[in-house]
Amino acid sequence: MVVAAGGKIEVESGGAIIFPNPSGGGDYYVDNNAGVDATGDGLSWATAWKTLATAITAVNARTGSSNYAARCRIFYKADSETVNLAALPQKTDIIGVGSCDAYPMASIKGNHAPLTEKFGCRFFNVRFIPATAAILWTLIANNNGVKFYGCQFVGSQDAVTATSAISTTATELLDVVDCDFDGAFSADVIAIGAGNASGLKIIGNTIRGAANDGIVIDTGATYSSVNSKALIKGNTIHCAGCTIKDVPDTAICVDNNLISAAATGTASLDINIRLAARNWITDATKGALYPGEH
């Protein structure tokens, strides 16, 4: 684990950012204030690109067998770049550095729905702000292996309120770890839709002030095996509605601290008692350990 720009960033399995890139992939630099797309080569801060999209295009243009298993890294410095990302960089870490106003991270203002078949993208220390009253991140089947570590998802800013922070359909190997979800998202903060959601992990996050439900797993969500069930662990969730709603009753839910304005019962917490342990729920009626003595 390395501390960079005020956020914890785990990039390599050894727990540090290592130079040069140990996997043999390329390292690229984006400076949304001082970079130049037309003349920069993205290989240093002095020759940085201006936009994240330019770096993503460069990563996805790499060819050759030496790049098949290599991971690239994009070091990203931005005072709230405005962009709707329509593509992700394959097998790449996007690492937010520097500061945006009082926030020690890079910021992106936009609503993102990548459609190209790229996988294995990880975000570290990036702040996501809505540009329109829509979902911040819409992920589908060709976005497998997307991971968010130490990021911030903003529900409302500049009179714009996002519906959800993350909404998925048949997205496998999604990790959401140590992230903050702040503000009154108008719909489910994290919505896991129908299709294969194998390997889903939602761990150690904080959801504060959600106007509707917190984490919702749709009735059509499936897993390829018992060992690939969703894990919802160690989260703190404060919302007006249901904190965790696992409709198919298949997610493992442990060690979550849950606060809801809804009534006791499935209105405030709806999970499988046989897959739950040590969850504390405080709702409109009472506070209790779930499951308790039974």
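Below is a summary of the structure that appears in this document. (Residues numbered from 1 in each chain as written. Predicted model: local features only at pLDDT ≥ 70, side-chain atom pairs only at ≥ 80, totals over all residues. Heavy atoms only, no water.)

Quick look at the overall build of the protein chain now. A tally of regular secondary structure across the protein chain gives 1 helix and 31 strands. Overall, the C-alpha framework of the protein chain stretches about 65 × 40 × 30 Å when taken along its three principal axes. For the protein chain, the residues scored as buried account for 49% of the 294 residues in total. Across the protein chain, the fraction of contacts at a sequence separation of at least 24, relative to all contacts at a separation of at least 6, is 62%. Surface accessibility of the protein chain: about 12,000 Å² in total, with carbon and sulfur atoms responsible for 55%. (Helix = DSSP H or I, 4+ residues; strand = E, 2+ residues; numbered from the N terminus. Buried < 20%, exposed > 50% of the residue type's maximum accessible area, 1.4 Å probe, protein only. Contact = heavy atoms within 4.5 Å. Areas by Shrake-Rupley, 256 points an atom, 1.4 Å probe, with all protein chains shown as cover.)

Let us now look at the sheet that holds strand E28 (residues 257-260). Here 10 strands make up an open sheet; going across it, the order is E5-E7-E9-E12-E17-E21-E25-E28-E30-E31 and the pairing mixed. Edge strands, defined here as strands with exactly one partner in the open sheet, are strand E5 (81-82) and strand E31 (287-290). Sheet topology places strand E7 (residues 106-109) next to strand E9 (residues 126-129); 4 bridges connect them, and they run parallel. Of the residues in E9, the one forming a bridge with Ala106 is Val126. (Pairing = 2+ DSSP bridges.)

Glancing now at the pattern of salt bridges. Applying the stated rule across the entire model yields 9 salt bridges. Put simply, Arg71 and Asp93 hold a salt bridge, and the shortest N to O gap is 2.8 Å. You can see Arg71 sitting in the loop between helix H1 (52-60) and strand E4 (72-77) and its partner Asp93 sitting in strand E6 (residues 92-96), a full 22 residues away along the chain. Of the residues examined, Asp93 reaches a relative accessible area of 1% and is grouped as buried. The salt bridge involving Arg278 is made with Asp255; its shortest N-O contact spans 2.6 Å. Here Arg278, found in the loop between strand E29 (276-277) and strand E30 (279-282), pairs with Asp255, found in the loop between strand E27 (252-254) and E28; they are 23 residues apart in sequence, far enough to count as distant. What makes Asp255 partly exposed here is its relative accessible area of 28%. What you see here is one network of salt bridges that share partners, running through Arg71, Asp93 and Arg122. (Salt bridge = Lys/Arg side-chain N within 4 Å of Asp/Glu carboxyl O.)

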